[in-house]
Amino acid sequence: MRRFLALSRSAALEALAEPLSAILFLAALLTVHLAPVFHYHQFGEAGRLARECGFSALLVFGLVFATAAAVRAVGGEIARGTAAAALARPVPRPLFFCAKVSGVAAAFALFLVATAAATVLATYSSEVGARLADAGEAADVRIWQPGLMMGVGLTMCAFVGAALLNRFARARFCFSACVLLSAAQPLALLAALPFGRAGIVATALEMQWSIVPALFVLACGCSVFIALAGALSVRLRPAPVAALVAGAVLLSFVWPVRALLPEIGRFWLVDRLAGGGTMPWGEAGAAIAAAACLVAFWLVAGSMLLQRRELP
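Below you will find a few notes about this structure.

The rules we used
- Residues numbered from 1 in each chain as written.
- Predicted model: local features only at pLDDT ≥ 70, side-chain atom pairs only at ≥ 80, totals over all residues.
- Heavy atoms only, no water.
- Helix = DSSP H or I, 4+ residues; strand = E, 2+ residues; numbered from the N terminus.
- Rg over C-alpha atoms; globule rule 2.2 N^0.38 Å.
- Buried < 20%, exposed > 50% of the residue type's maximum accessible area, 1.4 Å probe, protein only.
- Contact = heavy atoms within 4.5 Å.
- Patch = residues over 30% accessible without salt bridge, like charges linked within 9 Å, V, L, I, M, F, W, Y side chains within 5 Å.
- Areas by Shrake-Rupley, 256 points an atom, 1.4 Å probe, with all protein chains shown as cover.
- Salt bridge = Lys/Arg side-chain N within 4 Å of Asp/Glu carboxyl O.
- Phe/Tyr/Trp six-rings, centres within 6.5 Å; stacked < 30°, edge-to-face > 60°.
- Lys NZ or Arg CZ within 6 Å of the ring centre and 35° of its normal.

1. Considerations on the overall build of the protein chain
Secondary structure assignment for the protein chain yields 11 helices and 0 strands. For the protein chain, the succession of helices and strands along the chain, N to C, is α-α-α-α-α-α-α-α-α-α-α. Its C-alpha atoms give the protein chain a radius of gyration of 21 Å, within 12% of the compact-globule value 20 Å for 312 residues. Across its three principal directions, the C-alpha atoms of the protein chain cover 70 × 50 × 30 Å. By the burial criterion, 50% of the 312 residues in the protein chain qualify as buried.

What follows is the structure, encoded as structure tokens:
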């Protein structure tokens, strides 16, 4: 277990220390916070755009971040020869592969936490802005200003804070940026709450908590592609792996091979939350169980591929 945790920790740190990771974290969070600003006309539910933007950010930015990290954690170490050095010790190959994929999944969980908090805040700000506009207290405003300022402001402050840590404490900039950006989102949500007005926004926040479990279900579906990317990286170079994973994601939308890939439509529960809808727990449980089975399949497949490969 100590070897497993050590390998997982190194994979998670490597995933968060890449420049691409910090860029994807920042782009995803700013997109979630700023997308409702351009919602000039109100058609239907106020928080729909912010909510769907959060789910899209997890699916697009999160998958790019996690699959690229899985390729580096598995294929990159095999190409550099560090995998052979680690396996020269009493470390079984299946343990090495599963630990590396688990480390990337842990880094992806940090991305999930940041995206979930940002989505709750952005949706809450949209709902409060619409209610204030309907009450005549904020004419022509469809976004709640304290929520927007806290979300965007603390996100940028986290990036600046990472630069200061790099300059004065010699901390790794990209790793610090990812951690601070993730911590800034729940902090922004908590900092914005005291500015709410009782009576107008009493139930606005309560309606948003179902976003968190729905995003977790989507993250479970995305974890299948993380395991798939790790398994393919055992034998293929990064470019073919990226192409195959992108093709698998598209295939899961239009014609999913359910024995190998998740059907994304079953994990995309954002439509169930429209109009104050509740979380379909039965459907969510079935989707999580299916994702767990597919992740286990690709972990076994990757372990077998690594077991039969001659390492340089």
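After presenting the structure, the write-up continues.
2. Focus: the environment of Asp271
With respect to the helices and strands, Asp271 occurs in the loop between helix H10 (264-267) and helix H11 (281-307). Residue Asp271 is classed as partly exposed on the basis of its relative accessible area of 42%. A sequence separation of 49 residues divides Asp271 from Cys222, and the C-alpha atoms of the two residues are 18 Å apart. In this view, Asp271 contacts Arg48 and Glu52; residues no more than four positions away in its chain are not counted.

3. Some points on a nonpolar patch on the surface
Taken together, the side chains of Leu20, Val60 and Val64 present a nonpolar region at the surface, about 230 Å² in accessible area. By the element assignment, Leu20 lies in helix H2 (residues 19-34).

4. Observations concerning the packing of aromatic side chains
Applying the stated criterion to the full structure yields 7 aromatic pairs. Here the aromatic rings of Phe55 and Trp268 are separated by 5.7 Å at their centres, their planes lie at 65°, and the arrangement is edge-to-face. Pair noted here: Phe55 is in helix H3 (residues 48-80) and Trp268 is in the loop between H10 and H11, with a separation of 213 residues, a long-range link. Note on Phe65 and Phe111: the rings are 5.7 Å apart at their centroids and 20° apart in plane angle, and the pair reads as stacked. Here the residue Phe65 occupies a position in helix H3, and Phe111 occupies one in helix H5 (residues 93-134), the gap between them amounting to 46 residues. Exposure class is identical for Phe65 and Phe111. Each is buried. Feature note: the residues Phe25, Phe65 and Phe111 constitute an aromatic cluster, connected by ring pairs. A cation over an aromatic ring shows up here: Arg167 above the ring of Phe168, its NZ or CZ 5.2 Å from the ring centre. The lysine or arginine in question, Arg172, covers the ring of Phe175, its NZ or CZ lying 5.7 Å from the ring centre.

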